[in-house]
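Structural description and commentary
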Amino acid sequence: MSRSGQAELASGTLADERPTSPAGARTAAGLIERLLLAALILGLAWVPAWLGSNRMLAWGVNGILFPGLVIAYELSRIVLNRPHQIAARHLLVPIGLFTCVAGWILLQISPWMPPILVHPIWPLASQALGEPVPGTISVDPGASALGLLRLITDASVFWLALQLCRSAPRAHLLLYAIMAIIAAYAGLGLYLAGFEASRIPYLDGPAPGLVRSTFINRNSLAAYAGIGVIIAVTLWLRALRAGAASTPGAHRPDRFLGLPARFHWAEIGAGLLALGALMASGSRGGVIATAAGLACVLALSFARFDGSVLQRISMLLLPLLALGAAVAFMGDIVFGRIAASGLTDTSRAAVNGIMVRSLWDAPLTGFGYGTFTDIFPIYRDQSISTTGAWDKAHNTYLEALQGLGLAFGTMLIALVAWLLGLCVTGTLRRRRHRAPLVCAIGAGIMLGVHALVDFSLQIQAISLTFMALLGAGVSQWASSGVNLSD
């Protein structure tokens, strides 16, 4: 064969191969993303199993698992030369806030800070020991380092869900998977609560009477189950709306009211399990916070519902009936506690007052992220009982401000608020695929209210689940027709 013929053959071969190369990369990238999404779901199923991951060993496992999935995702982008589904430039503000907070925690645990910034406890330790002790801003660098590890784990779940759920079907798949996981743990908690001597061998103690499932306490289970209630109601309303739009004569009230009897039993069953566990937990804060989140979900869902006033009202019937049944069977647990103790806890209010006073001793530097257990005994006074130990502040906002200082603590709170604001913007702009956005907002409102009276966001099973919902919500912030990739 002549050289010209060989050149033509070679060029033809290359021309045939070039178009298939991007397609092959897309296929490989799609397969990897599906595997990573499956791994993310399995990871979210694992985190509640051991006291809600409220143990150091669980923190280590999660700190390897979820950042490892992010590393695998990023390596796949490099090897396959594929862009991110959502470019970092669209999230410069939250990324900048997170970088500032993480960088400040690193400075808090650094032993090379100027003496004026070092906490006074370290010079006192040097005098007591008679030898130099490296001083840091944090009163407990180890606790601050663990807090940073948990923050990085949370950010890893958010980033992974953000990139994997840009596809609306994947975002909804993640919602259904989380709903099923929460329903399973709620069902387990209800089962265990029915046996006075029942216990899971690796937990701290039995679980009689009030429901706590596999969590460290019933308040944490209430927050986790509240997320399940919000997801189930959101998905049920979405499915009901889609069924009404596709059913002939669905505009008639009698047809519309009959739709729940024929469709969507998965959402109804999961929602009832989560609602039963929530009510049986006896958590006043959990019930009130979930009610606030549900009110937000209903408002956002009905705002874009194309139907008559009667149809909108009829959509409320099943949630109201389910709530009425839960109150009838298990409401005496919650309302009995309210009747006996009221809506407020004087001890928690006193702890909040102590923390507010402590803020002014280190308003700029803070005492070190995650050091509440170490710093609170210094300021503890007679406003609370002298018995018992407080290892959590029962107010996540004050604890963040105390640990990070007013500036960087506000940044951490503003970071989550900014992302929720993106979800709110998306719900106002979009008419389709709004369920991930509504779930993220509803869960954010619920946990934001609950964080005022408890430490639910410091339990990794709850924070990681919320980060997955928030990532899926932000991923649907803009229409799928808008290119947000690199």
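Read on for a plain summary of the structure.

Let's talk about the packing of aromatic side chains
In this structure the tally under the stated criterion is 5 aromatic pairs. Summarising the aromatic geometry, the rings of W104 and F408 are spaced 4.8 Å apart at their centres and angled 5° between planes, so their arrangement reads as stacked. Within this pair, whereas W104 is found in helix 3 (residues 92–108), its partner F408 is found in helix 16 (residues 406–429), the two being separated by 304 residues in sequence. With respect to burial, W104 and F408 carry one shared label: buried. A centroid spacing of 4.9 Å and a plane angle of 45° characterise the contact between F215 and Y224, whose relative ring orientation is tilted. Each of the two residues, F215 as well as Y224, counts as buried. Feature note: the residues Y185, F215 and Y224 constitute an aromatic cluster, connected by ring pairs. Geometry around W59 places R150 over its ring, the cationic atom sitting 4.4 Å from the centre. Its guanidinium or amino end placed over the ring of F455, K392 lies 5.7 Å from that ring's centre, counting from NZ or CZ.

Structural notes on the nonpolar core
Among the nonpolar cores identified, the biggest contains 107 residues, and L174, I231, L470 and V474 are the most heavily contacted of them. If you tally residues by element for this core, the top one is helix 7 (residues 218–246), at 15 residues. When near neighbours in sequence (up to four residues on either side) are disregarded, I231 contacts L175, I178, M179, C439 and L469. I354, I384, L398 and L401 belong to the second largest nonpolar core, which has 12 residues in total.

What about unusual backbone geometry?
Backbone geometry at N81 places phi at a positive 55°, although glycine is not the residue there. Inspection of the secondary structure puts N81 in the loop between helix 2 (56–80) and helix 3. Although it is not a glycine, H394 sits at a positive phi angle of roughly 60°. Within the element layout of this structure, H394 appears in the loop between helix 14 (372–379) and helix 15 (396–404).

Considering the pattern of salt bridges
Taken as a whole and assessed by the stated rule, the structure comprises 4 salt bridges. The shortest N-O distance in the salt bridge between R348 and D454 comes to 3.8 Å. Taken together, the positions of R348 in helix 13 (residues 346–359) and D454 in the loop between helix 17 (435–450) and helix 18 (460–475) put the pair 106 residues apart, joining distant regions of the chain. Grouping residues by exposure puts R348 and D454 together as buried.

Notes on the environment of V101
Of note, V101 is situated in helix 3. By relative accessible area, which is 1% here, V101 ends up buried. Along the sequence, V101 and A407 sit 306 residues apart, while their C-alpha atoms lie 9.5 Å from each other. Look past the residues within four positions of V101 in its chain and what remains in contact with it is L151, L404, F408, M411 and L412.

So, the environment of A289
Relative to the helices and strands, A289 is located in helix 10 (residues 284–303). Measuring from C-alpha to C-alpha, the distance between A289 and G442 comes to 10.0 Å, with 153 residues separating the pair along the chain.

Comments concerning the side chain of R150
Among the secondary structure elements, R150 is positioned in helix 5 (residues 141–164). Look at R150: it is buried, it has no salt bridge, and the nearest opposite charge is D154 at 6.9 Å. Apart from residues no more than four positions distant in its own chain, R150 is found in contact with W59 and Q460.

Digging into the packing of helix 5 against helix 18
The geometry of helix 5 relative to helix 18 is characterised by a closest axis approach of 7 Å and an angle of 35° between their N-to-C directions. Considering the relative orientation of helix 5 and helix 18, their crossing is right-handed. Within the contact between the two elements, helix 5 uses R150, T153, D154, V157, F158, A161 and L162 and helix 18 uses Q460, S463, L464, M467, A468, L470, G471, A472, V474 and S475. For the contact of helix 5 with helix 18, the residue count by class is 10 nonpolar, 5 polar and 2 charged.

Reading the values: rules and limits
- Residues numbered from 1 in each chain as written.
- Predicted model: local features only at pLDDT ≥ 70, side-chain atom pairs only at ≥ 80, totals over all residues.
- Heavy atoms only, no water.
- Phe/Tyr/Trp six-rings, centres within 6.5 Å; stacked < 30°, edge-to-face > 60°.
- Helix = DSSP H or I, 4+ residues; strand = E, 2+ residues; numbered from the N terminus.
- Buried < 20%, exposed > 50% of the residue type's maximum accessible area, 1.4 Å probe, protein only.
- Lys NZ or Arg CZ within 6 Å of the ring centre and 35° of its normal.
- Core = buried A, V, L, I, M, F, W, Y, C linked by side-chain atoms within 4.5 Å.
- Contact = heavy atoms within 4.5 Å.
- Salt bridge = Lys/Arg side-chain N within 4 Å of Asp/Glu carboxyl O.
- Lys, Arg positive; Asp, Glu negative; His and termini not counted.
- Axes fitted to C-alpha atoms, helices over the stretch in contact; angles between N-to-C directions.
- Left-handed = near helix turned anticlockwise from the far one by under 90°.
- Nonpolar A, V, L, I, M, F, W, Y, C, P; charged D, E, K, R; others polar.

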